[in-house]
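# Observations on the three-dimensional arrangement
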Amino acid sequence: MTPTQIGRSPLPLMWQLYPDGRYRASDSSFWRIVYHVKMEGLEDMLLEQLPDD
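A short tour of the structure in this document, coming up. Note that residues are indexed from 1 along each chain, following the sequence as it is written. Under the rules for a predicted model, residues below a pLDDT of 70 receive no local features and side-chain atom pairs below 80 are neither given nor counted, while totals for whole chains, interfaces and linings still include all residues. Side-chain figures throughout are based on the complete set of non-hydrogen atoms in the structure, without hydrogens or water.

## Structural notes on the overall build of the protein chain
- A count of helical and extended segments in the protein chain gives one helix and four strands.
- Helix and strand assignments come from DSSP, with helices taken as H or I runs of at least 4 residues and strands as E runs of at least 2, each series counted from the N terminus. Counted from the first residue to the last, the protein chain has its helices and strands arranged as α-β-β-β-β.
- Burial here depends on accessible area, computed with a 1.4 Å probe over protein chains only, as a share of the maximum for the residue type. Under 20% is buried, over 50% is exposed, and the range in between is partly exposed. Burial analysis of the protein chain (53 residues in total) assigns 11% to the buried set.
- For the protein chain, long-range pairs separated by at least 24 residues make up 7% of all intrachain contacts whose partners lie at least 6 apart in sequence.
- Only the protein chains shown count as cover for residues, and all accessible areas are computed by the Shrake-Rupley method using a 1.4 Å probe. In the structure as shown, the protein chain presents an accessible area of about 4900 Å², 55% of it carried by carbon and sulfur atoms. It only takes one pair of heavy atoms within 4.5 Å for two residues to be counted as in contact.

## So, the pattern of salt bridges
- A side-chain nitrogen of Lys or Arg and a carboxyl oxygen of Asp or Glu constitute a salt bridge if their distance falls within 4 Å. Per the counting criterion, the structure on display carries one salt bridge.
- We note a salt bridge from glutamate 48 to arginine 32, for which the minimum N-O separation is 2.5 Å. Note that glutamate 48 is positioned in strand β4 (residues 42-49) and arginine 32 in strand β3 (residues 30-39), a separation of 16 residues in sequence.

## As for the side chain of serine 29
- With respect to the helices and strands, the residue serine 29 is situated in the loop between β2 (22-25) and β3.
- For the purposes of these results, a polar contact is taken to be a pair of N or O atoms within 3.5 Å, where, inside protein, one atom must be able to donate a hydrogen and its partner to accept one; residues adjacent in sequence count only when each atom of the pair is a side-chain atom. For serine 29, the side chain forms a polar contact with the side chain of aspartate 27, separated by 2.5 Å.
- Within polar-contact distance, the side chain of serine 29 engages the side chain of tryptophan 31 at 2.8 Å.
- Apart from residues no more than four positions distant in its own chain, serine 29 is found in contact with Pro12, Tyr23, Arg24 and Gln49.

## Some remarks on the pairing of β2
- By the bridge criterion, three bridges tie strand β1 (residues 15-17) to β2 in an arrangement that is antiparallel. Residue pairing across strands places glutamine 16 opposite arginine 24, the latter belonging to β2.
- Whether two strands pair comes down to DSSP finding at least two bridges between them. The pairing of β2 with β3 spans three bridges and is antiparallel. Counted as the bridge partner of arginine 24 is phenylalanine 30 from β3.
- Taken together, β2 and the strand that follows it, β3, pair antiparallel across an intervening segment of four residues, in which serine 28 is found at a positive phi of about 75 degrees.

Shown next as C-alpha cells:
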C-alpha cells in the first residue's frame, strides 16, 4: 500500500537512529522498537513512544 492508500497515521513518516536503539521521529519524539518480526514477506512491529526528557 502507498501512504495515500493507508490514510492518516499517528506515526511520523521519517526516523533517525540514535544511540541505545532509540529512534528520533520527524516530530522530535523518541521511540523504541519493542517487538519486530518478519515472516514470509509480512512484518509485525510494536513501537513504544518514549517520554520527553
